[in-house]
Amino acid sequence: MLKTYRHPADFALECGAVLHGIDIAYHTFGTYRPEDDNAVWVCHALTANSDVADWWPGTVVEGGFLDPVKHYTVCANIIGSCYGSTGPTSINPATGTPYYDSFPDLTIRDMARALTILADHLGLEHIGTLVGSSVGGFQALEWAAEEPKRFGRLVLIATDAKASPWCIAVDETQRMAILADPTYGEPRADAAKAGLEAARAIGLLTYRGPEGYNRTQQTPAADGTEPVREHRACSYQRYQGLKLSRRFNAYSYVKILDAFDTHDVGRGRGGLREALGRLTMPATVVGISTDIVFTPAEMRTLAAMLPNATYHEIESAFGHDGFLVEHDQLNSIIQSSK
């Protein structure tokens, strides 16, 4: 069940703006048993919500690495999103209307600080395992770098300690699509709907990659002499764009992409090697064989910079999205590397 914690105090952002109180939406699964150190915290990816069981199949189930009989799992919706935590669709107390594009700039570090607030509220002084995939891994690394003693173990899946130029370029291309929509900037929840659909289609190319598309989106060969003009890959792109625009918000999407690009765990901590070198807890780093967002080579480099990390690789044709699809492999890796 969705829960919301209303933090009444001012929340200062790195950009200098102040949010006068924040809402943090979250889900929990299982029963907390501090004597068993069974708390697991999951940091979610770009457009996910706090309901892990909804978007990560095969994990919050009996035998999964988030088995609710064994573990007490918490996931909070990131600030800046549109699934219950404070973000662009929230009411600006200064105006009485939603922020939309006037919502202040965020960083991954701001998002991680909000997680600390919720963990303190829930009384989780120690969290047995911190899990983060994709942008969730950004949050996990930031949080662990800020509070290393809070966590017993890290699980980092398809992520990195710093946003790469390649990822930032993909983000900028998606922003260009959204900002090209003439309705962007209008004070309404469905502003830049077409732009968001185009941005999602761009992003999906990197999430799945050529092997995934070529395996699943082949158009049947034409029987006659006329060329094929309706391609399965085209309808798939339109469908995925429409699907996101029906559930997400363009202003939240832009703010999260902007925050993504700020990610650098080494900022203000002496650089990446020094910052990661302080994370001495056991860490499981998981790459995906066909991931072109966070490549296996980058994942191996991340693992090498963590003092107590082991590297594992999922074999998948589905690129970055493999962590959502290959849950049997993921369960096996995480459970065997404890």
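These numbers come from a predicted model, not from an experiment. (Residues numbered from 1 in each chain as written. Predicted model: local features only at pLDDT ≥ 70, side-chain atom pairs only at ≥ 80, totals over all residues. Heavy atoms only, no water.)

Student: Teacher, can you tell me more about the overall build of the protein chain here?
Tutor: Regarding its fold elements, the protein chain presents eleven helices and ten strands. What you see for the protein chain is a C-alpha radius of gyration of 20 Å, in line with the 20 Å of a compact globule of 338 residues. Along the longest, intermediate and shortest principal axes, the C-alpha atoms of the protein chain span 70 × 50 × 40 Å. For the protein chain, with 338 residues in total, the buried portion stands at 55%. Considering only contacts in the protein chain between residues 6 or more positions apart, those separated by 24 or more positions represent 72%. (Helix = DSSP H or I, 4+ residues; strand = E, 2+ residues; numbered from the N terminus. Rg over C-alpha atoms; globule rule 2.2 N^0.38 Å. Buried < 20%, exposed > 50% of the residue type's maximum accessible area, 1.4 Å probe, protein only. Contact = heavy atoms within 4.5 Å.)

Student: Please clarify how the sheet that holds strand 8 (residues 154-157) should be interpreted in this entry.
Tutor: The pairing of strands in a sheet happens through backbone hydrogen bonds and is either parallel or antiparallel. As summarised here, the arrangement of the eight strands in space is 1-2-4-3-7-8-9-10, forming an open sheet in which the pairing is mixed. Each having just a single partner strand, strand 1 (3-12) and strand 10 (309-314) make up the two edges of the open sheet. The average angle at which neighbouring strand axes cross in this sheet is 20°, direction not considered. Both strand 7 (residues 129-133) and strand 8 contribute to a ladder of four bridges, which runs parallel. Bridge pairing in strand 8 places G132 opposite L156. (Pairing = 2+ DSSP bridges. Axes fitted to C-alpha atoms, helices over the stretch in contact; angles between N-to-C directions.)

Student: Sorry, what's going on with empty space enclosed by the protein here?
Tutor: Where empty space is left can be seen by rolling a probe of water-molecule size over the atoms. According to the stated counting rule, one finds one cavity of 30 Å³ or more in the structure shown. When its volume is computed, the largest cavity comes out at roughly 50 Å³. Lining the largest cavity are R109, A112, R113, T116, E142, W143 and E146. Taken together, the elements giving at least two residues each to the lining of the largest cavity come down to helix 2 (108-121) and helix 3 (135-146). A total of four residues in the lining of the largest cavity trace back to one element, the largest contributor, which is helix 2. (1 Å grid on protein atoms, 1.4 Å probe; cavity = no way out; pocket = protein on both sides within 12 Å on 5 of 7 lines; lining within 4 Å. Points joined across faces, edges and corners; volume = space filled by probe spheres on them.)

Student: I keep staring at the pattern of salt bridges and nothing clicks. Help me out?
Tutor: Any two side chains of opposite charge can pair, on the condition that their charged atoms come close. Under the defined criterion, the tally for this structure stands at 20 salt bridges. We note a salt bridge from R109 to E142, for which the minimum N-O separation is 3.0 Å. Placement of the pair is R109 in helix 2 and E142 in helix 3, with a sequence separation of 33 residues. According to the relative accessible area criterion, R109 is buried, its value standing at 14%. (Salt bridge = Lys/Arg side-chain N within 4 Å of Asp/Glu carboxyl O.)

Student: Please explain the packing of helix 4 (residues 165-179) against helix 5 (residues 193-216) as it appears in this structure.
Tutor: A pair of packed helices is captured by two measures, namely the crossing angle of their axes and the spacing between those axes. Their axes nearest at 7 Å, the elements helix 4 and helix 5 cross at an angle of 155°. Classified by the interaxial angle, the pair formed by helix 4 and helix 5 is roughly antiparallel. Helix-helix and strand crossings are classified by hand; for helix 4 and helix 5 the assignment is right-handed. Seen from helix 4, the contacting residues are W166, V170, T173, Q174, A177 and I178; seen from helix 5, they are G195, L196, A198, A199, R200, I202, G203, T206 and Y207. Counted by class, the contact of helix 4 with helix 5 contains nine nonpolar, five polar and one charged residues. (Parallel < 35°, antiparallel > 145°, perpendicular 65-115°, else oblique. Left-handed = near helix turned anticlockwise from the far one by under 90°. Nonpolar A, V, L, I, M, F, W, Y, C, P; charged D, E, K, R; others polar.)

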